[in-house]
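Listed here are the chains, written in short residue letters.
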Amino acid sequence: MKIVKIKTAIKIILFIAIVGSLLTFVFTRDDSDTAVNVPNTPTIPEPSQPNSGEAEPDEEQPAAEIPVPEQIGMDDDGLENRVKIINSKQQQIDGHKYVTENTQYEMYVKEENLSIIMREKNTGAVLYSTIDKPVKSNEAWTNFMKSSIIMEYLVGTNIVTYRADMYSKSPEKEVTYTENGFNATIYYPELEISYELEVTLTDSGFVAEIPKEKIQENNDRYRVSGFYVYPFLGYSKLGEREGYMFIPDGSGALIQLKDNDGKYRQPYSEMVYGNNVGIDDPFVLSLFNGRNPFNDPEKILAPVFGMVQTDSEIGFLGIIEEGQYSAKIEAYPSGAILPYNWITSKFIYRQVYNQPTSQQSGTMVVRQRNMNDFNIRVRYELVSKEQATYFGLAEKYRTYLIDNDLISKTEDDFKVRVDLFGADVENGLIFKKDVAMTTFGQASDIYEDLQQNGVEQILSIYKGWQNKGYYGGLPIRSFKPESTLDDRKSLQDLLKESNQRNIDLFLYHDGLRINLDEYRNPTYKVMRKLNKRQYSEDVYGNVYRSFNYLNPKSSVDVLEKMNKSYTKNGVQNVLLAGISNELFSYSESNKEYDRITTKGYYESIISNYDQQFNLLLEQPFSYLWKYTNAIIDLPASSSNYVFTSEDIPFIALTLKGVVPMYSEYVNFQANQKEFFLQLVEQGLNPSFLITHEDPSDLLYTNSSHIYSSKYERYQEVIQQYYEELKEIHVATKNSVITNYERSNGLTTVTYDNGIVIYVNYQEHGVTIAGQTIDALSYKVVQGH
């Protein structure tokens, strides 16, 4: 009996130890208060060694996918000592011959690998695009580091990605020089694949492009998978250079050019415009029943990336002009495989995905049948001298957007955003029960109270106004307000009244999701992934565990129907969500469609709504910025990856004074004082999510994450934010930012009308330029 008890005790101890170890692993965090993201491992171009066993005669060497890549050359601490400044024009530099120039730049090319060197004529600063003498490595990695363009390809039915660069697979190159650059045809005889690279010098940098029509696949066995384009442009070894890489993660973030002592093994690698859920299978930790304890990474809202070398005052902003819908941004801090800091765009023409082999279980990995339909075109906007900063990159992007009509300058009015949450549902004994949080009459009372207390300019988005509430009523197929919200006022009464009060009241419409629990026999098609399975967005809510996405054509059909319904019922203001920040590949009738097809559907209906209504878009991707009257839910920070040194407000620096920007909700910020200072610094309008009832009523609904929203609690807070931020806005109205500096917790923001705003994040006061700024405070002054 004692032996049995001892064995039982040992089992219990072992079980507790195992569970404890798992919990420790999952919840391990940085020492800082903010949760830190560890990036997912991307498909890393790490070549495997040749198999020691027997191989087929035509066996290829793959770019292996491994969870923890081996670090190469980390014991090689020798400096490269490549020249940073060349004071005069040369016939050649490091084997690169002079090709062309304009008033600001010279371009040099090395035909062997199509490497280029850019020289800024005023300062003599040079920017290299390939590594001349790579660290000791295997042949495959050496060739990769010395190459300007790297092509990835698939072989037969093999799902492993292989690689052909400027040296491997014996490429034949034919270079033709043009007035402003060169064209090169690259042909791989063994693969029977060819493509053309076009490089053109511009007034502000250069453009590199690979036209899809020039990609030729003449052997069914070999298929193009993707391309890296000038991956080592602006690279540096370990801590040899000063500066940073810019990644477009959320608001933006920097990765310093330094020796990381092998600390980081994984790079930043994210799809432009978010993951492709039509192909990519999300990773879920089963230990927590689908609840991933790590922060979800912020999406890339704009197809940009960059590098700045502050020691020689030169850098670049990469803008993906074509191919952005099937592109990744990858940034490798030194130690992530190589002892180099490098950032690049990667373009994906074909992917692999899991194909179910039966209804119950079993899958096989297959490759995408059709090649994604896009050209590759990257514009590199160079910066130098005092413009060689991340603010200089933001200025470049602002100019690019305006010059190319990719954004429309709108009226820069200040409004406080007070969103109202209408209704949700909870489970009852037999039927679901409506939970009304803010009726239409209560909404009217809130607006009236705010205006009577001086909050006159209000923008409000009504969420959960429709039948069955925020989650139960998806998709919205008719103008049918939730009956429990219809008290002494109807929604039409509220809309008319708000218009009379000069309140911009918008109806929230999710054009993406469908709730199959409530809409069991839909007349609209549900999106299916390339593997023919319906995509399920798992939310693990208290009532609804998951939602599905509408087929893009169905989203358009629903919204076209609602266009007529909204117009008939006098609706003038609409906010579109879901389709504003999601793109995916999908299948229909045994055909595959890429993200560009989805983008085409979404952009067409959004353009139509822009013409018919006053339109807002929720956290929109950059290709939609020209259609929205304001940017809603602009991130104020990044995903806080372990290898980033600081967040930067890249999008706010770009768009301030061009289009109004509204923050994410103040309610849910851990440090509201610091967040307020960020609003001052970035020029964002504040946002609040408000309910009339206590949010505890939502405990058993899918909206249980709303834990602080009752109007009584935020009544005075809204007034304070409105008064202070409006006063700042009056001083900076219609002005763009012309300079932005940070130093030891003090930020200085300069506007083109001469206004200077000092923001002090420190716990003590500071004095600058004769101005004293109190601790955790700000000051607005008229510049000289």
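Residues numbered from 1 in each chain as written. Predicted model: local features only at pLDDT ≥ 70, side-chain atom pairs only at ≥ 80, totals over all residues. Heavy atoms only, no water.

## Focus: a nonpolar patch on the surface
To keep things clear, this is the line we draw: Exposure above 30% relative accessible area and the lack of any salt bridge qualify a residue for a patch; like charges then connect within 9 Å, and the nonpolar side chains Val, Leu, Ile, Met, Phe, Trp and Tyr within 5 Å. Where accessible areas are quoted, they stem from the Shrake-Rupley method and a 1.4 Å probe; at the residue level, only the protein chains shown are allowed to cover. Here a salt bridge means any side-chain nitrogen of Lys or Arg lying within 4 Å of a carboxyl oxygen belonging to Asp or Glu. To qualify as a helix, a DSSP run of H or I must reach at least 4 residues; to qualify as a strand, a run of E must reach at least 2; elements of each kind are numbered from the N terminus.
A contiguous nonpolar surface patch, about 490 Å² in accessible area, is contributed by Leu-429, Ile-430 and Phe-431. Examined against the element boundaries, Leu-429 turns out to sit in the loop between strand E28 (423-427) and strand E29 (432-436).

## As for the side chain of Asn-260
Where we set the bar: Residue burial is assigned from relative accessible area. The probe radius is 1.4 Å, only protein chains are included, and a residue is buried under 20% of its type maximum, exposed over 50%, and partly exposed in between. Contacts are residue-level and defined by heavy atoms, with any inter-residue pair within 4.5 Å sufficient.
Secondary-structure assignment places Asn-260 in the loop between strand E18 (253-256) and strand E19 (268-271). The buried category is assigned to Asn-260, whose relative accessible area is 5%. For Asn-260, the residues in contact, after removing those within four places along its chain, are Pro-333, Ser-334 and Asn-341.

## Digging into the nonpolar core
Just so we agree on the cut-off: Each nonpolar core is a collection of buried residues, namely Ala, Val, Leu, Ile, Met, Phe, Trp, Tyr and Cys, held together in the definition by side-chain atoms within 4.5 Å.
With 178 residues, the main nonpolar core has Tyr-230, Tyr-380 and Tyr-566 as its most contacted residues. When neighbours within four sequence positions are excluded, Tyr-566 is seen to be in contact with Trp-465, Ile-476, Phe-479, Leu-507, His-509, Val-571, Val-574, Tyr-609 and Phe-613. Membership of the second largest hydrophobic core comes to 24 residues, among which are Ile-461, Tyr-470, Tyr-662 and Tyr-665.

## Overview of helix H10 (residues 672-682)
In an α-helix there are 3.6 residues to a turn, and that puts residues three or four apart on one side. With eight of its 11 residues buried, H10 lies for the most part within the structure. Of all the residues in H10, the buried ones are Phe-675, Phe-676, Leu-677, Gln-678, Leu-679, Val-680, Glu-681 and Gln-682. Backbone geometry just downstream of H10 places Gly-683 in the positive-phi region, at approximately 75°.

## Some words on the environment of Thr-130
The following threshold applies: N or O atoms within 3.5 Å of each other form a polar contact, as long as, within protein, one can give a hydrogen and the other can take it, and as long as residues adjacent in sequence are counted only when both atoms are side-chain atoms.
By the secondary structure assignment, Thr-130 is in the loop between strand E7 (126-128) and helix H2 (139-145). On the accessibility criterion, Thr-130 (3% relative accessible area) is buried. Spatially, the C-alpha atom of Thr-130 lies 7.5 Å from that of Tyr-230, the residues being 100 residues apart in sequence. With near-sequence residues (within four places) excluded, Thr-130 lies in contact with Arg-82, Asn-113, Ser-115, Met-145, Lys-146, Ser-147, Ser-148, Phe-232 and Tyr-235. A polar contact is formed between the side chain of Thr-130 and the side chain of Ser-115, at a distance of 2.7 Å.

## Topic: the confidence of the model for the protein
Heads up, the rule is: pLDDT expresses, on a scale from 0 to 100, how confident the predictor is about each individual residue.
Averaged over every residue, the pLDDT of the protein is 90; the share at 70 or more is 87%. Within the model, the stretch residues 63-69 combines pLDDT values under 50 with 17 contacts to residues more than four positions away or in other chains.

## Some details on the sheet that holds E7
Filter applied, for reference: A strand pair is defined by DSSP finding two or more bridges across the two strands.
Pairing within the open sheet is antiparallel, and its five strands lie in the order E3-E4-E5-E6-E7. At either margin of the open sheet sits one strand with a lone partner, and together these are strand E3 (92-93) and E7. Across six bridges, the pairing between strand E5 (residues 105-110) and strand E6 (residues 115-120) is antiparallel. Looking at the pairing, Met-107 lines up with Met-118 of E6.

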